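# Analysis of the macromolecular model
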Amino acid sequence: MTLSPRPHTDDGLTLKFWGVRGSTPVSGPDYTEFGGNTPCLEIRCGTRLFLIDAGSGLNACGRHHRDGMPQEIDLLFSHLHLDHTAGLPFFKPVVLDPSRTINTYCGNLDGASAEAALDRLFSPPLFPVSLDVIPCRLAHHGFRAGERLTFADGATVDTILLNHPQGSVGYRFEHAGRRLCVISDIEHGDPWPDTALTEFVRDADLVVYDGMFTEGEYPVCRGWGHSTWQKGVELAQAAGVKALAIIHLHPCHTDTMLLSVEADMQAVMPTAFIARERQTIAVGEPMRSAPALALARTA
């Protein structure tokens, strides 16, 4: 695939990372290569926009596009932990525009929408104002992970339940003969890879996978709901996946450490890489060599 500074095309499947960090945002000179915002992904099926998660990266997404966002925005939550939701009120200028609607989709609450949870989070004393103060319209939709989402324009997105505390949702996008799967947050099981998940990502052009921990860190963090790049590679290889991107990066993992991890990973799977904030990926196109990745971030 190509990591490219060019804008999305009218017919391709593209992905842009606005936040790749897990748990909490970080900043400073040790985090310039990979970035410090928590999860937010922009996916374009041609010109059709989807957003996954509302971490702190959502603010940068909104400021970048400004008035270029559609009137209705579909925001798909993997789950509702703070690092995936805290950016919602800061999605400017969208949330300040009374003509816009944000449709939220939540699939890890047994069919319930995100409305009640978000209303609790964004209200005093945890937050200074409630969401009903925000000028835009919020429309909340619940589903059960494993169902296919069908939107008013006929677009479809497949889903799967992932192993994470309180559950998480994986998403599969197919467009123009390309397949993209976003699998975060997830903790691998034993045996691995999981049969259902293997079939869900089968033959994908790109799988985005949770690789928060090193193999040394994971044993003391068992049960926290995250995985390792090694398990991501095992899944990708079992399912015939063409490329793998690691996200949900540990907040203590510096650029130096992640570059070393990436080199180790690419020795096993050359088309695997660690995601960088603001990278744009043309899914399914030939991949550049690893050193070009750092040059492919866009402003």
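Not measured: the values here are computed from a predicted model. Every chain's residues receive numbers from 1 upward, in the order its sequence appears when written. Per-residue local features are limited, in this predicted model, to residues with pLDDT of at least 70; the limit for side-chain atom pairs, both in listing and counting, is 80 or more; totals at the level of whole chains, interfaces and linings are taken over all residues. The side-chain values count all of the structure's non-hydrogen atoms but skip hydrogen atoms and water molecules.

### Considerations on the overall build of the chain
For clarity, the cut-off: Numbering of helices and strands runs from the N terminus, with a helix taken as a DSSP run of H or I at least four residues long and a strand as a DSSP run of E at least two residues long. In this setup the radius of gyration rests on C-alpha atoms only. A globule is expected at 2.2 Å times the number of residues raised to 0.38. Burial here depends on accessible area, computed with a 1.4 Å probe over protein chains only, as a share of the maximum for the residue type. Under 20% is buried, over 50% is exposed, and the range in between is partly exposed. Only heavy atoms enter the contact rule, under which two residues are in contact if any of them lie within 4.5 Å. Under this rule, positive means Lys or Arg and negative means Asp or Glu; His and the chain ends count for nothing. Note on charges: their place is set at NZ of Lys, CZ of Arg, CG of Asp or CD of Glu.
Summing up its helical and strand segments, the chain has six helices and 15 strands in all. Over its C-alpha atoms the chain spans a radius of gyration of 18 Å, differing by no more than 12% from the 19 Å that the globule rule assigns to 299 residues. Here the C-alpha coordinates of the chain stretch approximately 50 × 40 × 40 Å along the principal axes. Burial statistics for the chain: of 299 residues in total, 58% are counted as buried. In the chain, once contacts between residues fewer than 6 apart in sequence are set aside, the share between residues at least 24 apart is 68%. If you average the places of the 24 positive and of the 35 negative side-chain charges in the chain, the two averages end up 5 Å apart.

### Let's talk about the environment of E72
What counts here: By the criterion applied in these results, polar contacts are pairs of N or O atoms within 3.5 Å in which, for protein atoms, one can donate a hydrogen and the other can accept it, and in which residues neighboring in sequence qualify only through two side-chain atoms.
With respect to the helices, strands and loops of the structure, E72 is situated in strand β5 (residues 72-76). Through-space distance from the C-alpha of E72 to that of L126 is 28 Å; in sequence the pair is 54 residues apart. In contact with E72, not counting residues within four places along its chain, are T101 and N103. Engagement of the side chain of E72 in a polar contact is seen with the side chain of N103, the distance being 2.9 Å.

### Comments concerning the pairing of strand β11 (residues 178-183)
Inclusion rule: Two strands qualify as a pair provided DSSP detects at least 2 bridges between them. If the strands point away from the viewer and the path from the first strand over the helix to the second runs clockwise, then the crossover is right-handed.
Two elements, strand β10 (residues 168-175) and β11, share five bridges in a ladder whose sense is antiparallel. What sits directly across from F173, in β11, is L180. Remark: two residues form the turn of the hairpin made by β10 and β11, two consecutive strands paired antiparallel; A176 in that turn has positive phi of roughly 55°. With helix α4 (residues 195-200) bridging β11 and the parallel strand β12 (residues 206-210), this β-α-β connection has right-handed handedness.

### So, the packing of helix α5 (residues 229-239) against helix α6 (residues 255-268)
We count it as follows: Angular values range over 0 to 180 degrees, each being the angle between N-to-C directions of two axes fitted as lines to C-alpha atoms, with helices fitted over their stretch in contact. Here is the rule for angles: anything less than 35 degrees is roughly parallel, anything more than 145 is roughly antiparallel, 65 through 115 is roughly perpendicular, and the remaining ranges are oblique. With the far helix as reference, a near helix turned anticlockwise by less than a right angle produces a left-handed crossing, and one turned clockwise produces a right-handed crossing.
For the pair α5 and α6, the least separation of the axes is 11 Å and the interaxial angle reads 25°. In terms of orientation, α5 lies roughly parallel with respect to α6. Seen from above, α5 lies across α6 with right-handed handedness. Across from W229, V233 and Q237 in α5, the residues of α6 making contact are V261, D264, M265 and V268.

### Here we look at the environment of E217
Within the secondary structure, E217 is located in the loop between β12 and α5. Classification of E217 as partly exposed rests on a relative accessible area of 22%. Sequence spacing of E217 and T228 is eleven residues, and the spatial spacing of their C-alpha atoms is 9.2 Å. Contacts of E217, omitting those with residues within four sequence positions, involve M212, H250 and H253. At 2.9 Å, the side chain of E217 forms a polar contact with the backbone nitrogen of T214.

### A look at α6
Residue pairs three or four apart in sequence face the same way in an α-helix, which turns once every 3.6 residues. Spelled out, the test is: Expected helix span is taken as 1.5 Å per residue step, with the number of steps being one fewer than the number of residues. It is the directions from the helix axis to the C-beta atoms whose arc is reported.
Taking 1.5 Å per residue, 14 residues should reach 20 Å; α6 reaches 20 Å between its end C-alpha atoms and fits that length. Inspection of α6 places D255, L258, V261, E262, M265 and Q266 among the buried residues, and these make up the whole buried set. Buried residues along α6 cover an arc of 135° about the axis, so they all sit on one side. Opposite the buried face of α6, by more than 90 degrees, sit the exposed residues T256 and A267. Buried positions along α6 lie against α5, β13 (244-247) and β14 (272-274).

### Quick look at the confidence of the model for the chain
Operational definition: The score called pLDDT rates the predictor's confidence residue by residue, from a low of 0 to a high of 100.
Residues of the chain with pLDDT of at least 70 account for 92%, and the chain-wide mean is 93. Across residues 4-8, where pLDDT falls below 50, the model places 14 contacts with residues more than four positions away in sequence or in other chains. Throughout residues 289-299 the model reports pLDDT below 50, and contacts reaching past four residues in sequence, or to other chains, amount to 31 contacts.

### Some remarks on the pairing of strand β7 (residues 137-142)
Bridge count for strand β6 (residues 101-106) against β7 is six bridges, and the pairing is parallel. Within β7, the residue paired with Y105 across the bridge is H141. For the segment spanning β6, helix α3 (residues 115-121) and β7, crossover handedness is right-handed.

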